[in-house]
Amino acid sequence: HKTLDLVCEDTDTRDRWHQEVRKIIWDAKGEKEQNSQEEFLRNLFKSADKNDNGVLNKIEFAELLSNIKFDVKESDIEEIFDRADKNGSMGVDEEEFKEIYTSILSRPIILNIFNSLKHKKGIPLNKLHKFLVETQGAKIAVKECKDIIIQYEKKSKSKLFLGWKGFLEFTTSSELFKMNSPSQDMTHPLSHYLINSSHNTYLSGDQLVSDSSVDEYMKALEGGCRCVELDCWNGPDGEPIIYRG
């Protein structure tokens, strides 16, 4: 690793350097995470596009939902498909798939936070700054909040609001929302602590024949569970899969 030592004439210059370097690091991390998410969704879509025509029909779309363990009734699949097929072409292209993926997997708690902060088009700069400082406990300047809006609202002409899609991407990728270290004394043996745990977390029904679903992990964590179970097995194409063996 190479290092660069800088000597500044005053504290203002030092603080400006520090802020800009932090911004560069932040932007680089955000771009890497976004590219990783884009690649993940692209690979999902391509694996479901059996005839390689760039569009998913209803059967391919239903198989894709099943493969990602999205727990939905068969009667609701057509409704979700129609929501995704915005141009009425009887097929879902890659961009439409990305939008519906973001929509159907959005967590209710994040949507509730967004609705409590938004004003007309989205979350204004001052409310975003207040939320990050007072609720998240972040030490962040207003200018950095403006940079967040610019980074996550790439397609928006207005840089004064953070819309729903940008807010969802921000909360699920930014290091500002990472789990904090516990403040309790953690030096005792594990058996000395009470842990809200879950058995066979992934099962959506009974313990014998019910399906596995990622939604069950969301429900458990939102309910206060802090220890979940994953029964991980070798799946197709070398990918891991969760189910009761």
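Residues numbered from 1 in each chain as written. Predicted model: local features only at pLDDT ≥ 70, side-chain atom pairs only at ≥ 80, totals over all residues. Heavy atoms only, no water.

Helix and strand counts for the protein stand at nine helices and six strands. Counting every position in the protein, which comprises 245 residues, the buried fraction comes to 28%. Taking the contacts inside the protein whose residues are at least 6 apart along the sequence as the reference set, 52% of them involve residues at least 24 apart. Element-wise, carbon and sulfur atoms account for 53% of the exposed surface of the protein, whose accessible area totals about 17300 Å². (Helix = DSSP H or I, 4+ residues; strand = E, 2+ residues; numbered from the N terminus. Buried < 20%, exposed > 50% of the residue type's maximum accessible area, 1.4 Å probe, protein only. Contact = heavy atoms within 4.5 Å. Areas by Shrake-Rupley, 256 points an atom, 1.4 Å probe, with all protein chains shown as cover.)

On to the nonpolar core, then. Ranked by internal contacts, the top residues of the largest apolar core, which has 17 residues, are Ile123, Leu128, Leu132, Ile148, Leu162, Phe167 and Phe170. Of all the secondary structure elements, the ones that give two or more residues to this core are helix 5 (108-117), helix 6 (125-135), helix 7 (142-152) and helix 8 (164-173). The biggest single contributor to this core is helix 7, with four residues. Not counting the four nearest positions on each side in its chain, Phe167 is found in contact with Ile110, Ile113, Phe114, Ile123, Phe131 and Leu162. Grouped together as the second largest cluster of nonpolar side chains are 16 residues, Leu44, Ala48, Leu56 and Tyr101 included. (Core = buried A, V, L, I, M, F, W, Y, C linked by side-chain atoms within 4.5 Å.)

Let us now look at the side chain of Asn200. Take Asn200: it is sitting in the loop between helix 8 and helix 9 (215-222). For Asn200, a relative accessible area of 5% puts it in the buried group. Residues in contact with Asn200, not counting those within four places in the same chain, are Gln207, Glu229, Asp231 and Arg244.

One pass over the full model with this rule turns up seven aromatic pairs. A centroid spacing of 6.0 Å and a plane angle of 40° characterise the contact between Phe45 and Phe97, whose relative ring orientation is tilted. Taken together, the residues Phe45 in helix 1 (residues 11-48) and Phe97 in helix 4 (residues 94-104) connect sequence positions 52 residues apart. Among the residues examined, Phe97 registers a relative accessible area of 3% and is labelled buried. An aromatic cluster is defined as three or more aromatic residues linked by ring pairs; in this entry it consists of Phe114, Phe131, Trp164 and Phe167. (Phe/Tyr/Trp six-rings, centres within 6.5 Å; stacked < 30°, edge-to-face > 60°.)

All buried positions along helix 9 are accounted for by Asp215, Glu216, Tyr217 and Ala220. Contacts made by the buried residues of helix 9 are with strand 6 (240-242). A positive phi of about 105° marks Gly224, the residue just after helix 9.

Residues Leu128, Phe131 and Leu132 constitute the buried set of helix 6. For helix 6, the angular spread of the buried residues around the axis is 90°, confining them to a single face. Of the exposed residues in helix 6, those oriented more than 90 degrees away from the buried face are Asn126 and Glu134. Among the residues trailing helix 6, Gly137 stands out with phi positive, at a value near 70°. (Arc of directions from axis to C-beta.)

Close approach of charged atoms allows side chains of opposite charge to pair. As enumerated under the stated definition, the model contains seven salt bridges in all. Close ionic contact of Arg14 with Asp15 constitutes a salt bridge, the shortest N to O distance being 2.9 Å. Linking Lys143 and Asp147 is a salt bridge whose minimum nitrogen-to-oxygen distance equals 3.7 Å. Here the residue Lys143 and the residue Asp147 both occupy positions in helix 7, the gap between them amounting to four residues, near one helical turn. Given a relative accessible area of 41%, Lys143 falls into the partly exposed group. With a relative accessible area of 16%, Asp147 lands in the buried category. One continuous salt-bridge network, built from bridges that share partners, spans Arg42, Glu94, Glu95 and Lys98. (Salt bridge = Lys/Arg side-chain N within 4 Å of Asp/Glu carboxyl O.)

With a phi close to 55°, Asp52 is a non-glycine residue in the positive phi region. One non-glycine residue, Met90, lies in positive phi territory at about 65°. Here Met90 lies in the loop between helix 3 (74-84) and strand 2 (92-93). Residue classification places Met90 among the exposed positions, given a relative accessible area of 57%.

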